[in-house]
Amino acid sequence: MTTVETTSPQARPKGSALAWISRYGTLAAFLALIIFNVAITPNFWSWQTLNVNLTQVATIVIVATGMTLVIATGGIDLSVGSLMAISGALAPMIFLGTIYPIENPVLAMTLAFIVPVIAAGALGWFNGFLITRWSIQPIVATLVLFIAGRGIAQVMTNGNLQVFKNDAFQFIALGRVFGIPAQVIIMVVVVAAAAFVVRRTGFGRQIIAVGGNEKAARLAGIPAVRVKRLVYVISGALAGIAGLIVVARNSASDANLVGLGMELDAIAAVAVGGTLLTGGRANVLGTLLGAFVIQLVQYTLLANGVPDAAARIVKAGLIIAAVFIQLRAARG
């Protein structure tokens, strides 16, 4: 029996072009930006420029990786910036002895790394609990900590700036391993681990299944509630790690500024990277590229004398273009 092609010849190239752009557009934009900057931007091809871009994008990638998993389940996490503020406020309070004096410096430093990340992960679990237990929309459930979380960090510090100099703690941001910034190594490890989980593990397949069709996933025996709660825990914990890096880099913790606007940068990286905002797909490497594209666009404009306000407008345009391409490609 002969199969009749229902798509017209005129429509086929358009759909193929959109599908190609959806799959490879971020990589093409990344390469185009590099070529443009090598040709136009002074001193772009230097270690200093590479170091600046890598260190500025590292925390965005770490947070965006967790956001990718959340969005893949059909959710969203607006609380990541506030969780960064909480984690960034808690760590100095521990090793400075503000909460309770700890005489053993090794123990104090260990707790300063572990406790804030656990606290951020626990608050991520709270987000997942609101969503799965009370069926609250993710954007509303995470809005709770988006608003209250930064207030919690401000109350913890009495609104004061915590200034410190601690080489052991600041190693995660300012230290280097074989010449590579420690925060970049953390970024690579996080991305590699998340990509492995999504592509090679049963949990990764469960994430995609829940985001694609939660009812069908439940009928197939997938523990959708547990999966959704766990991705919010992961998102919260990664936000906690990013918060530690930010305060370590700044040698100070300011609950008013740490993580401010990070949720928007993370969502932008996910969208530009090709992960469907409706769920059912998780492109971790695409998120990495998306974050680098956004960073390079901003760097290119600023390095060539374009005001920061214009860079923000271009960033918004990138998000609109990415979502438009996703929708058109999905419709074929």
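A quick note: this is a predicted structure, and the numbers were derived from the prediction, not measured.

1. Quick notes on the overall build of the chain
- When you go through the chain residue by residue, the secondary structure sums to 13 helices and four strands.
- Over its C-alpha atoms the chain spans a radius of gyration of 21 Å, differing by no more than 12% from the 20 Å that the globule rule assigns to 332 residues.
- Dimensions of the chain, computed from the C-alpha atoms along their principal axes, are close to 80 × 55 × 35 Å.
- Looking at the chain as a whole, 47% of its 332 residues are labelled buried.
- Accessible surface computed for the chain: about 16400 Å², of which carbon and sulfur atoms make up 67%.
- Here the chain holds 21 positive side-chain charges and 9 negative ones, and the gap between their average locations is 13 Å.

2. What to know about the nonpolar core
- Formed by 87 residues in total, the largest nonpolar core has its most connected members in Val63, Met67, Met84, Phe169, Met187, Ile207 and Val231.
- Not counting residues within four places of it along the chain, the set of residues in contact with Val231 comprises Leu69, Val70, Thr73, Phe203 and Ile207.

3. What about a nonpolar patch on the surface?
- Judged by side-chain polarity, Phe171, Val177, Phe178, Ile180, Ile185 and Val189 come together as a nonpolar surface patch covering roughly 580 Å² of accessible area.
- Looking at the element boundaries, Phe171 is found in helix H6 (residues 167–174).
- Under the relative-accessibility criterion, Phe171 is labelled partly exposed at 41%.

4. Some details on the pattern of salt bridges
- Counted according to the given criterion, the structure contains four salt bridges.
- Between Lys165 and Asp167 there is a salt bridge, with the nearest N and O atoms lying 3.4 Å from each other. Assigned by exposure class, Lys165 and Asp167 land together as exposed.

5. Quick look at the layout of surface pockets
- What the largest pocket holds in volume is close to 790 Å³.
- Mapped by element, the contributors of at least two residues to the lining of the largest pocket are helix H2 (47–72), helix H10 (224–250), strand E4 (252–253), helix H11 (262–273), helix H12 (284–303) and helix H13 (308–331).
- Counting residues per element, the lining of the largest pocket draws most heavily on H12, at six residues.
- Here the residues of the lining of the largest pocket sort into 18 nonpolar, eight polar and six charged.

6. So, the packing of H2 against H12
- Interhelical geometry of H2 versus H12 gives an angle of 140 degrees and a closest axis separation of 9 Å. Taken together, H2 and H12 sit at an angle that is classed as oblique. The hand of the H2/H12 crossing is right-handed. In contact with Thr49, Asn53, Leu54, Gln56, Val57, Ile60, Val61, Ala64, Thr65 and Thr68 of H2, H12 contributes Val284, Thr287, Leu288, Ala291, Phe292, Gln295, Leu296 and Tyr299.
- In terms of residue class, the contact of H2 with H12 is built from eleven nonpolar, seven polar and no charged.

Here is what the cut-offs are and how they apply
In this numbering scheme, every chain counts its residues from 1 along its sequence in written order. At least 70 in pLDDT is required for a residue's local features to be given in this predicted model, at least 80 for side-chain atom pairs to be given and counted, and no such filter applies to totals for whole chains, interfaces and linings, which use all residues. Only hydrogens and water are removed before side-chain values are computed, so all heavy atoms of the structure are retained for them. Helix and strand assignments come from DSSP, with helices taken as H or I runs of at least 4 residues and strands as E runs of at least 2, each series counted from the N terminus. Our radius of gyration looks at C-alpha atoms and nothing else; its globule reference is 2.2 Å times the residue count to the power 0.38. For each residue, the accessible area found with a 1.4 Å probe, counting protein chains only, is set against the maximum for its type, and the residue is called buried under 20%, exposed over 50%, and partly exposed in between. Each accessible area is a Shrake-Rupley result for a 1.4 Å probe, and residues are judged covered by the shown protein chains and nothing else. Neither His nor the chain termini are counted; the positive set is Lys and Arg, and the negative set is Asp and Glu. A charged residue contributes its charge at one atom only: NZ of Lys, CZ of Arg, CG of Asp or CD of Glu. Buried Ala, Val, Leu, Ile, Met, Phe, Trp, Tyr and Cys residues that are joined via side-chain atoms within 4.5 Å together make up what is termed a nonpolar core. In what follows, residue pairs with any heavy atoms lying within 4.5 Å of each other are defined as contacts. Note on patches: the residues involved have over 30% relative accessible area and no salt bridge, like charges join within 9 Å, and the nonpolar side chains Val, Leu, Ile, Met, Phe, Trp and Tyr join within 5 Å. The working definition used for a salt bridge is a side-chain nitrogen of Lys or Arg within 4 Å of a carboxyl oxygen of Asp or Glu. Put plainly, a pocket is an open set of points on a 1 Å grid over the protein atoms alone with protein on both sides within 12 Å along at least five of seven lines, a cavity is a set where a 1.4 Å probe fits but cannot get out, and a lining residue has an atom within 4 Å of a point. Grid points are joined across faces, edges and corners, and a volume is the space filled by probe spheres set on the points. The nonpolar class holds Ala, Val, Leu, Ile, Met, Phe, Trp, Tyr, Cys and Pro. Asp, Glu, Lys and Arg form the charged class, and all remaining residues, Gly among them, are polar. The angle between two axes is taken between their N-to-C directions and runs from 0 to 180 degrees, where each axis is a line fitted to C-alpha atoms and a helix contributes only its stretch in contact. Roughly parallel covers angles under 35 degrees, roughly antiparallel covers those over 145, roughly perpendicular covers 65 to 115, and oblique covers all other angles. Should the near helix be turned anticlockwise from the far one by less than a right angle, the crossing is termed left-handed; should it be turned clockwise, right-handed.

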